[in-house]
Every structure is written in C-alpha cells, then in structure tokens.
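Take a look at the letters that make up each chain.
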Amino acid sequence: MSTALRQHPHPRSRRGGERIPLHARVRLWTQEGEEVAPLARCTNIGLGGVHVFASAELVPGTPLRLEIRLPSGRAFKCAGHVAWSKTTLHPALLGSPDGADNDGSFGICFDGVSTQALLPIARLLVARDHERNRARRIRRLHGLPNHA
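This section reports on the structure supplied with the text. The numbers attached to residues start from 1 for each chain and follow its sequence in the written order. Per-residue local features are limited, in this predicted model, to residues with pLDDT of at least 70; the limit for side-chain atom pairs, both in listing and counting, is 80 or more; totals at the level of whole chains, interfaces and linings are taken over all residues. Hydrogen atoms and water are omitted, and side-chain values are computed over all heavy atoms in the structure.

## Some remarks on the overall build of the protein
Strands here mean DSSP runs of E at least two residues long; helices mean DSSP runs of H or I at least four residues long; both are numbered from the N terminus. In terms of regular secondary structure, the protein is built from one helix and seven strands. Moving toward the C terminus, one meets the helices and strands of the protein in the order β-β-β-β-β-β-β-α. Whether two residues are in contact is decided by their heavy atoms, any of which lying within 4.5 Å being enough. By sequence separation, contacts in the protein at least 24 residues apart represent 58% of the contacts at least 6 residues apart. Total accessible area on the protein stands at roughly 9,700 Å², and carbon and sulfur atoms take up 56% of it. Per-residue accessibility takes into account occlusion by the displayed protein chains alone, with areas from the Shrake-Rupley method and a 1.4 Å probe.

Following this line, the structure appears as structure tokens:
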C-alpha cells in the first residue's frame with residue numbers, strides 16, 4: 001500500500017538545535033525589496049533561525065530577506081521564511097496591540113544558508129559553551145554546587 005506525501009513549500013518546522021540570547025535589530029525585506037517591520041529586533045538566534053519581536057506579526061510562510069548585526073560587528077544576511085507567528089497581548093490595554101515594537105512575535109527559519117555563512121552564529125554557540133564550562137570549573141574549584 002502506498003501513500004502520497006503532501007509537499008508543502010515550507011514544511012512546518014519544529015525548533016531544533018540550540019539557541020543563544022541575542023538582542024539586536026533585525027532588518028527585514030520582502031522578496032521584492034520592500035522593507036517590513038522597521039522596528040524588528042531579535043531575542044535569540046540559532047543555526048536554523050531567529051526569534052523576532054516587531055510592531056506587527058507576519059503571516060507564516062512569508063518569504064523574507066534578513067540582516068542582523070552580530071556582536072562581532074559582522075552583518076549576517078540570508079533568506080528565510082516566517083515559520084510561526086503570534087500577537088503579543090498587552091494586559092494593560094485589555095489585550096489589544098498598541099503598535100509597540102513588541103506587538104508581534106514570530107520565528108524566521110533560514111532557507112538555503114551555506115555552512116560557511118553560518119560560521120559566525122556557530123562561533124557564538126561555541127563561545128557560550130566555553131563560558132559555561134569555565135563557570136562550571138570555577139564553581140567546582142570553590143566547592144559550589146554545579147547546577148547547569
């Protein structure tokens with residue numbers, strides 16, 4: 001018995017891999033070159049994608065071009081698509097968005113990025129692991145509990 005698999009242009013992605021906190025401005029453009037979400041900023045990044053807060057949410061599946069300035073000063077540029085999206089509720093406003101730069105929250109999945117292009121993000125992950133290991137060694141040397 002054979003079953004056909006339904007192909008979707010952007011398969012539903014599950015967040016995979018490690019993420020690191022990164023608070024930086026994200027510039028987003030449509031494929032036609034129109035800038036969207038001018039106040040967008042990321043909160044974390046990984047080898048597969050980035051989490052973004054903006055003044056409005058974008059529809060899942062929307063293809064984008066993005067640019068993020070990494071802590072090293074290097075600009076990371078690539079193509080991607082919106083993997084998921086949600087509107088942030090503001091309790092003080094009875095749940096209605098107010099046009100602030102954190103009204104929309106969405107994840108952008110990187111599309112077709114080469115391993116070479118992902119090296120700056122991989123270096124951030126390695127640096128974070130190095131700092132964690134250093135903190136563990138210091139706690140161990142001082143007889144403190146090692147929790148993480």
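## Section: the pairing of strand β3 (residues 41-46)
The element β3 is extensively covered by neighbouring structure, given that five of its six residues are classed as buried. A strand pair is defined by DSSP finding two or more bridges across the two strands. Sheet topology note: the strand β1 (residues 19-29)/β3 ladder contains five bridges and is antiparallel. In the strand pairing of β3, Arg25 is matched with Arg41. As paired elements, β3 and strand β4 (residues 49-54) share four bridges and run antiparallel to each other. Bridging across to β4, Arg41 finds its partner in Phe53. In this structure, the hairpin formed by β3 and β4 is closed by a connection of two residues. Any residue under 20% of the maximum accessible area for its type is buried, any over 50% is exposed, and the rest in between are partly exposed; the area is computed with a 1.4 Å probe on protein chains only.

## Overview of the side chain of Thr30
Within the element layout of this structure, Thr30 appears in the loop between β1 and β2 (35-36). Of the residues examined, Thr30 reaches a relative accessible area of 15% and is grouped as buried.

## Some remarks on helix α1 (residues 119-141)
Each helix should span, by expectation, one fewer than its residue count multiplied by 1.5 Å. Over its 23 residues, α1 runs 33 Å from end to end, which matches the ideal 33 Å to within 8%, given 1.5 Å per residue. Within α1, burial applies to Pro120, Ile121, Leu125 and Arg128. Here the buried face of α1 lies against β1, β3, β6 (75-87) and β7 (104-111). Within two residues after α1, Gly143 carries a phi angle of roughly 70 degrees, on the positive side.

## Thoughts on the nonpolar core
One finds Leu28, Ile45, Ile68 and Phe110 to be the most contacted residues of the largest nonpolar core, which totals 27 residues. Counting residues per element, the ones that place at least two in this core are β1, β3, β4, β5 (63-69), β6, β7 and α1. Think of a nonpolar core as a cluster: buried Ala, Val, Leu, Ile, Met, Phe, Trp, Tyr and Cys residues, connected wherever their side-chain atoms sit within 4.5 Å.

## Some details on the pairing of β5
In regular strands, side chains alternate between the two faces of the sheet. Strand direction decides the pairing type here: β1 and β5, joined by four bridges, are antiparallel. Within β5, the residue paired with Leu28 across the bridge is Leu66. Here β5 pairs with β6 via seven bridges, running antiparallel. The residue bridging Ile68 from the neighbouring strand is Phe76, located in β6. Hairpin connection, β5 to β6: the antiparallel pair is bridged by five residues, and Gly73 has positive phi, about 100 degrees.

## A few points about the pattern of salt bridges
What makes a salt bridge here is a side-chain nitrogen of Lys or Arg within 4 Å of a carboxyl oxygen of Asp or Glu, nothing more. Following the criterion strictly, the structure yields five salt bridges and no others. Across the salt bridge formed by Glu18 and Arg128, the nearest N and O atoms sit 2.1 Å from each other. With Glu18 in the segment before β1 and Arg128 in helix α1, the pair connects residues that are 110 residues apart, well separated along the chain. What makes Arg128 buried here is its relative accessible area of 17%. Note that Asp129 and Arg128 form a salt bridge whose closest N and O atoms lie 3.8 Å from each other. Among the charged side chains, a network of salt bridges with common partners joins Glu18, Arg128 and Asp129.

Shape is all these values report; function is a separate question.
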